[in-house]
There are 2 protein chains.
Amino acid sequence: MSIDRRSHTPVYRQLANLIREGIYSGQYAAGAPLPSELALSQEYGVGRDAVRQALALLRTEGLVSTERGERSRVRPAPERVPVELPPGGRAIARMPADPERAEHGLDEGVPVIELHHLDGAIDVHPADRTELIRPT
Amino acid sequence: MSIDRRSHTPVYRQLANLIREGIYSGQYAAGAPLPSELALSQEYGVGRDAVRQALALLRTEGLVSTERGERSRVRPAPERVPVELPPGGRAIARMPADPERAEHGLDEGVPVIELHHLDGAIDVHPADRTELIRPT
DNA sequence: ATTAATTTGTACGTATGTATG
DNA sequence: TCATACATACGTACAAATTAA
C-alpha cells in the first residue's frame, strides 16, 4: 500500500489510514514503536509535516502516544475498572481541556467520564480505564 | 492578556489558553465566530502556524469547530438525550477513528459511547448528545 | 450569475530547542 | 559527547470552500 498523490484524500490522511490499518492488523503491536518521523517521511515520500499531521491525528484517536525524543508508540489498552452507575445516577463523556488533561496525567485522545450522583456529587474517571456497569 | 515569549509554555498553548478562557468567560458566545487566523496572528504577533496549532488543540477538546472557508466557531453544546444503561449492561467511552467519525458526522473532539447489552448487542452513541441514566 | 476577496486546508522548507539513547 | 528524534515556530505557495461585491 502506498500514497496516491492524485487522490482527493490528503496525503496525511492517507498515511494515517495506512498506519491505523497497520495497528488494527497487528503489524504494529501494542506498545511497539512506530518508525521514526524521518523514516516514515522517506518510506512514503512525503514531507515531515504530513507525517506529523498523520501522527497527530492518530494521537487524537487515542491510538498512538508520543513522547519527546522517543518514537511514537502504539498505545496499549489499559485494564478497565468496573464502576457502577448508581440508581438515579447520570453519566456523560467529554474530552478534557488541556490543563485538565495534564492535571490528571491523561494521554491525548482519552475522554473523561463524568459520573453525577443523586446528591449532586461528581466523579471524573479516565475513560480508557473505566467501564460503567449496572448490575442485573 | 498577551503572549509571553520568555515563558517555557509554547506560544500556541498560551494562545489556546487565552481563547479557551475567552470561551469560558462568555467573551466568545456559543456559536459565535472567532477572529480569523490572520486576525489572531496579527493581534497576538505570532505566526499562522501557532494560531492553527492553538485552534487544532481547541478542536480536539470539542470547544471549537472549523469548516473550510469559514472562521472557527465556538461549538454550541447540543441537547442531551437520556439513554438508559440497562440491567447487566456495560458502557465505555472512546474517541472514534477518523473514518468512523466521518461516517457518523461527528465533530472533532467528540467521543462516542459504546453501550454493550447483555445479549452482546452494541450501540454507539455520540457522547455530546448522550446522557447515560439509571432510574432510581 | 460572475467575479473577487476572504478564509481555511494542505504541503513543503528552514531553523532552533529539548529530550532521549 | 554525540547522534537521533520529537517539538516549536517561522516562512512560502497553492488549493479549495465560503462570503462579499
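All of these numbers come straight from a predicted model, not from anything done at the bench.

A. Structural detail: the UniProt feature "domain: HTH gntR-type" (unreviewed entry) in chain A. UniProt records the feature "domain: HTH gntR-type" (unreviewed entry) at residues 9–77 of chain A, using the numbering of this structure. For residues 9–77 of chain A, helix accounts for 51% and strand for 6%, while the C-alpha atoms at its two ends are 29 Å apart.

B. Seen up close, the domain arrangement of chain A. The domain boundaries assigned to chain A delineate domain 1 (11–74) and domain 2 (81–133). Here the C-alpha centre of domain 2 of chain A lies 28 Å away from the C-alpha centre of domain 1 of chain A.

C. Structural context of the protein's contact with DNA strand D. Close to DNA strand D lie 24 residues, the nearest being A:Arg52, A:Glu70, B:Arg5, B:Val11 and B:Gly47. The contact atoms of DNA strand D, taken as those within 4 Å of the protein, divide so that sugar and phosphate hold 77%. Within the contact set of DNA strand D, a phosphate oxygen lies 2.6 Å away from a side-chain nitrogen or oxygen of B:Arg5. In this structure, B:Gly47 approaches DNA strand D through a main-chain N or O atom, which is 2.8 Å from a phosphate oxygen. At the level of secondary structure, the elements contributing two or more residues to the surface near DNA strand D comprise helix 3 (48–60) of chain A together with helix 1 (11–24) and helix 3 (48–60) of chain B. Of the residues that constitute the surface near DNA strand D, the class distribution is 5 nonpolar, 6 polar and 13 charged.

D. Quick peek at the interface of chain A and chain B. With 36 residues of chain A at the interface, the matching set in chain B holds 36 residues. For the pair chain A and chain B, the summed buried area comes to about 2800 Å², and 57% of that belongs to carbon and sulfur atoms. At the junction of chain A with chain B, the criterion picks out 6 salt bridges. B:Arg134 is paired through a salt bridge with A:Glu84; the nearest N and O atoms lie 3.0 Å apart. Between the two partners, chain A and chain B, sit 16 residue pairs in polar contact (both at pLDDT 80 or more). Of all elements in the fold, only helix 1 (11–24), helix 3, strand 4 (90–94), helix 4 (98–104) and strand 7 (130–133) of chain A reach the threshold of two or more residues within the side of chain A that touches chain B. The element contributing the most residues to the side of chain A that touches chain B is strand 4 of chain A, with 5 residues.

E. Spatial organisation of the sheet that holds strand 3 (residues 81–84) of chain A. Strand order in the open sheet formed by 5 strands is 3(A)-7(A)-4(B)-5(B)-6(B), with mixed pairing between adjacent strands. Edge positions in the open sheet fall to strand 3 of chain A together with strand 6 (122–126) of chain B, since each of these has one partner strand only. Ignoring which end each strand starts from, the neighbouring axes of this sheet average 30° apart.

F. The arrangement of the nonpolar core in detail. One finds B:Ile3, B:Leu15, B:Ile19, B:Ile23, B:Leu34, B:Tyr44 and B:Val46 to be the most contacted residues of the largest nonpolar core, which totals 22 residues. Ranked by residue count, the leading element in this core is helix 1 of chain B, at 7 residues. If we skip the residues at most four places from it in the chain, B:Ile23 touches B:Tyr28, B:Leu63, B:Val64 and B:Val74. Grouped together as the second largest cluster of nonpolar side chains are 21 residues, A:Leu18, A:Val46, A:Leu57 and A:Val74 included.

G. Quick peek at the relation of the copies chain A and chain B. With an RMSD of 0.1 Å, chain A superimposes on chain B once it is rotated by 180° and translated 0.0 Å along the axis. Such a turn and shift between the copies fits a two-fold axis. Of the interface residues in chain A, 100% have counterparts in chain B that sit at the interface too, so the contact is made through matching surfaces.

H. Molecular detail of the protein's contact with DNA strand C. The environment of DNA strand C is formed by 23 residues, the closest being A:Val11, A:Gly47, B:Glu37, B:Arg52 and B:Glu70. Among the atoms of DNA strand C close to the protein, meaning within 4 Å, 71% are from sugar or phosphate groups. With respect to DNA strand C, the backbone of A:Val11 contributes an N or O atom lying 2.6 Å from a phosphate oxygen. For the surface near DNA strand C, the secondary-structure elements that each account for two or more residues are helix 1 and helix 3 of chain A together with helix 3 of chain B. A per-class count over the surface near DNA strand C returns 5 nonpolar, 6 polar and 12 charged.

I. Region of interest: the pattern of salt bridges. Residues and elements named next belong to chain A. Evaluation of the coordinates by the stated rule reveals 27 salt bridges over all chains. Between aspartate 4 and arginine 6 there is a salt bridge whose closest N-O contact spans 3.7 Å. Classification of arginine 6 as exposed rests on a relative accessible area of 75%. Where arginine 59 meets glutamate 108, a salt bridge forms, and the shortest distance between an N and an O atom there is 3.6 Å. Here arginine 59 is found in helix 3, whereas its partner glutamate 108 is found in the loop between helix 4 and strand 5 (112–116), with 49 residues between them in sequence. Classification of arginine 59 as buried rests on a relative accessible area of 12%. What makes glutamate 108 partly exposed here is its relative accessible area of 34%.

Calculation rules
Residues numbered from 1 in each chain as written. Chains lettered and ligands numbered in written order. Predicted model: local features only at pLDDT ≥ 70, side-chain atom pairs only at ≥ 80, totals over all residues. Heavy atoms only, no water. UniProt positions renumbered as here; feature names shortened; annotations may be inferred. Helix = DSSP H or I, 4+ residues; strand = E, 2+ residues; numbered from the N terminus. Domains from an automatic or database assignment. Near = heavy atom within 4 Å. Polar contact = N/O pair within 3.5 Å; in protein donor to acceptor, adjacent residues only side chain to side chain. Nonpolar A, V, L, I, M, F, W, Y, C, P; charged D, E, K, R; others polar. Contact = heavy atoms within 4.5 Å. Buried area = accessible area lost by both parts, 1.4 Å probe. Salt bridge = Lys/Arg side-chain N within 4 Å of Asp/Glu carboxyl O. Pairing = 2+ DSSP bridges. Axes fitted to C-alpha atoms, helices over the stretch in contact; angles between N-to-C directions. Core = buried A, V, L, I, M, F, W, Y, C linked by side-chain atoms within 4.5 Å. Buried < 20%, exposed > 50% of the residue type's maximum accessible area, 1.4 Å probe, protein only. Least-squares fit on C-alpha atoms with pLDDT ≥ 70 in both.

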